[in-house]
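Residue-level listing of the chains:
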Amino acid sequence: GQQVMQIPQYQHVQEGEDFTTYCNSSTTLSNIQWYKQRPGGHPVFLIQLVKSGEVKKQKRLTFQFGEAKKNSSLHITATQTTDVGTYFCAGWAGGYQKVTFGTGTKLQVIP
Amino acid sequence: DGGITQSPKYLFRKEGQNVTLSCEQNLNHDAMYWYRQDPGQGLRLIYYSQIVNDFQKGDIAEGYSVSREKKESFPLTVTSAQKNPTAFYLCASRMTGGSGYTFGSGTRLTVV
C-alpha cells in the first residue's frame, strides 16, 4: 500500500534559524496537504498543493510539491517559538485511494 | 461557529468495557473520519464514512465499530476486542471534493 515518509522525525532549532521538513511518497500523488499539530492539540490544516512543481507561501512558510508529484517540503524561515509543534504531510493518490498521513516532524524551537 | 465537537476530552475505562466516543459536526460536510494517534506517532485511519448509512474500514478497524445514522454524527465504539485501546482519538470531516480535513479537539482514552 501507499506509504508516506517524513524526515527528519525530530528537529531542534535555535529561534531565528530556518527549518525544513521533507515528505516522500511511495506512489505518485494527486495532491498533498500539510497540517500543524501544536503540543496537546489537534491537527490544523495549513495548505493543499495540487500541481507539479507548485510553490505556495504563507508568511514565513513555503510549501513545495515536487515535479514528479511524489515528494513535498515545508520550509519555515526564521523560526519563532509559535512554530513549535508537529508538522504532518498527507498524500492522496487519487480515485478511491485513502489519504495517507506522513509520520510527522516534531519541531522544537529554543528561545 | 461551525466545527467538530468531540466528547469527552478525557475518558477512563476499565479493561473489558466497551466505550463510545462522540463526534458531531455542523459544517455540513459529507465525509467523516476516525483516526488514532499514539504518542510520537502519525495518524492511523480507523473508519471513514462518505455518506449517511455507509462506512468503510480503514487501516486499523479491528476492535472498533461505527455508525452513521445522521450526517452530523459519527460515533466510534471501542470494543473489548481492541487489544491496546489507550490512545488519542481524532475525528475529522471533509466536504467531498473539498480541500483539507477539519479535526475535532480529540478524546484521550485511557484503559486501565
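What comes next concerns the included structure. (Residues numbered from 1 in each chain as written. Chains lettered and ligands numbered in written order. Predicted model: local features only at pLDDT ≥ 70, side-chain atom pairs only at ≥ 80, totals over all residues. Heavy atoms only, no water.)

Quick notes on the state of the cysteines
Residue and element names in this part refer to chain B. Going by this rule: By convention in this document, the label disulfide applies to cysteine sulfur atom pairs within 2.5 Å. Runs of E in the DSSP output that reach at least two residues are strands. Runs of H or I that reach at least four are helices, and both are numbered from the N terminus. Here the term buried applies to any residue with accessible area under 20% of the maximum for its type, exposed to any over 50%, and partly exposed to those in between, with areas from a 1.4 Å probe on protein chains only.
Under the criterion given, the structure shown has two disulfides over all chains. Sulfur-sulfur distance for the disulfide between Cys23 and Cys91 comes to 1.9 Å. Disulfide Cys23-Cys91: the torsion about the S-S bond is -75 degrees, which places it as left-handed. Of this pair, Cys23 sits in strand E3 (residues 19–25) while Cys91 sits in strand E9 (residues 87–94), placing them 68 residues apart in sequence. Judged by relative accessible area, Cys91 falls into the buried class, the value being 0%.

Here we look at the pattern of salt bridges
Any two side chains of opposite charge can pair if their charged atoms end up close together. Keep this limit in mind: Think of a salt bridge as a Lys or Arg side-chain nitrogen and an Asp or Glu carboxyl oxygen that are within 4 Å of each other.
The final tally for this structure, using the stated rule, is six salt bridges over all chains. A salt bridge links A:Asp83 to A:Arg60; the shortest N-O distance between them is 2.9 Å. Remark: A:Arg60 occurs in the loop between strand E6 (55–58) and strand E7 (61–65) and A:Asp83 occurs in the loop between strand E8 (71–76) and strand E9 (85–92); sequence separation between them is 23 residues. With relative accessibility at 4%, the residue A:Asp83 sits in the buried group. Classification of A:Arg60 as partly exposed rests on a relative accessible area of 23%. Three or more residues joined by partner-sharing salt bridges are found here, namely B:Arg36, B:Asp38 and B:Arg44.

A closer look at unusual backbone geometry
For residues that are not glycine, phi is negative in most cases, and the peptide bond is trans in most cases. Of the consecutive residues A:Ile7 and A:Pro8, the connecting peptide bond is found in the cis state with omega at -5 degrees. For A:Pro8, the position within the fold is in the loop between strand E1 (4–7) and strand E2 (10–14). The residue after B:Ser7, namely B:Pro8, is reached through a cis peptide bond having omega -10 degrees. Structurally, B:Pro8 can be placed in the loop between strand E1 (4–7) and strand E2 (10–13).

Here's the deal with the packing of aromatic side chains
To keep things clear, this is the line we draw: Ring geometry is summarised as follows: Phe, Tyr and Trp rings, the Trp one being its six-membered ring, pair when their centres sit within 6.5 Å, and such pairs are stacked at plane angles under 30 degrees, edge-to-face over 60 and tilted between the two. Our definition puts a charge over a ring when NZ of Lys or CZ of Arg is within 6 Å of the ring centre and also within 35 degrees of the ring normal.
Evaluation of the coordinates by the stated rule reveals 16 aromatic pairs over all chains. Where B:Tyr101 meets B:Phe103, the ring centres are 6.1 Å apart and the plane angle is 45 degrees; that geometry is what we call tilted. On the accessibility criterion, B:Tyr101 (4% relative accessible area) is buried. With relative accessibility at 5%, the residue B:Phe103 sits in the buried group. In textbook terms, an aromatic cluster arises when at least three aromatic residues are bridged by ring pairs, as seen for A:Tyr35, A:Phe45, A:Phe101, B:Tyr33, B:Tyr35, B:Tyr48, B:Tyr101 and B:Phe103. Above the plane of the ring of B:Tyr101 lies B:Arg94, whose end atom (NZ or CZ) is 6.0 Å from the centre. When the ring centre of B:Phe88 is taken as origin, the NZ or CZ atom of B:Arg108, which lies over that ring, is 4.0 Å away.

Some points on the sheet that holds E1(B)
Residue and element names in this part refer to chain B. Rules: Two strands pair under a simple rule: DSSP has to find at least two bridges between them. For helices, the axis comes from a line fit to the C-alpha atoms of the stretch in contact; other axes are also lines fit to C-alpha atoms, and the angle between any two N-to-C directions lies between 0 and 180 degrees.
An order of E1-E3-E8-E7 is seen for the four strands of this open sheet, with the pairing classed as antiparallel. The open sheet terminates on both sides in strands that have one partner only, identified here as E1 and strand E7 (64–66). Averaged over neighbouring strand pairs, the angle between their axes works out to 20 degrees when direction is ignored. Pairing analysis gives three bridges linking E7 to strand E8 (residues 76–78), with the strands arranged antiparallel. In the strand pairing of E8, Ser65 is matched with Thr77.

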